[in-house]
Amino acid sequence: LSEFQQSSDGVSWYINEVHCSIRVIAENYPKVCDNELEVIRQTFPDCQVDRVQWRLEQGHTCGFCITPHN
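This report concerns the structure included in the present document. As the structure is a computational prediction, the values presented were derived from the model and not from experiment.

Turning our eyes to something else, we now look at empty space enclosed by the protein. Scanning the model with the defined rule gives one cavity of 30 Å³ or more in all. Every residue along the wall of the largest cavity is listed here: Cys20, Arg23, Ala26, Cys33, Glu36, Trp54, Arg55, Leu56 and Cys62. Residues that form the lining of the largest cavity fall into these classes: six nonpolar, no polar and three charged.

Have a look at this one:
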């Protein structure tokens with residue numbers, strides 16, 4: 001389950017992954033999360049995509065900020 005919402009700046013968007021389908025694998029092989037980030041970047045090629053929250057480091061979800069290039 002993921003949530004997609006516009007950020008408070010009115011320009012960027014935020015993806016919040018509430019449920020991680022690869023969590024069990026990622027706990028042993030965190031590199032798989034880098035692949036997920038790359039897929040999101042390829043999905044939005046005209047945007048800057050940054051991981052802003054990572055479940056393996058802290059918190060209960062993974063979050064990504066998507067900002068269109070000017």
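Read on for the rest.
Counted according to the given criterion, the structure contains one aromatic pair. Geometrically, the ring pair formed by phenylalanine 4 and tryptophan 13 is stacked, given 5.2 Å between the ring centres and 5 degrees between the ring planes. It is arginine 51 that lies over the ring of tryptophan 54; its NZ or CZ is 4.7 Å from the centre.

This next bit is on the side chain of asparagine 16. Mapping asparagine 16 onto the fold places it in strand S2 (residues 13–17). Assessed through its relative accessible area of 12%, asparagine 16 is described here as buried. Beyond its immediate sequence surroundings of up to four residues, asparagine 16 is in contact with Leu1, Ser2, Glu3, Thr61 and Cys62.

Buried residues dominate strand S4 (residues 62–68), accounting for five of its seven residues. Of the pairings in the sheet, the one linking S2 to S4 comprises five bridges and is antiparallel in character. Note on S4: the bridge partner recorded for tryptophan 13 is isoleucine 66. Where strand S3 (residues 47–53) lies against S4, six bridges are found, and the strand directions are antiparallel. Paired with arginine 51 across the two strands is phenylalanine 64, which belongs to S4.

Thresholds, definitions, all that
Residues numbered from 1 in each chain as written. Predicted model: local features only at pLDDT ≥ 70, side-chain atom pairs only at ≥ 80, totals over all residues. Heavy atoms only, no water. 1 Å grid on protein atoms, 1.4 Å probe; cavity = no way out; pocket = protein on both sides within 12 Å on 5 of 7 lines; lining within 4 Å. Points joined across faces, edges and corners; volume = space filled by probe spheres on them. Nonpolar A, V, L, I, M, F, W, Y, C, P; charged D, E, K, R; others polar. Phe/Tyr/Trp six-rings, centres within 6.5 Å; stacked < 30°, edge-to-face > 60°. Lys NZ or Arg CZ within 6 Å of the ring centre and 35° of its normal. Helix = DSSP H or I, 4+ residues; strand = E, 2+ residues; numbered from the N terminus. Buried < 20%, exposed > 50% of the residue type's maximum accessible area, 1.4 Å probe, protein only. Contact = heavy atoms within 4.5 Å. Pairing = 2+ DSSP bridges.

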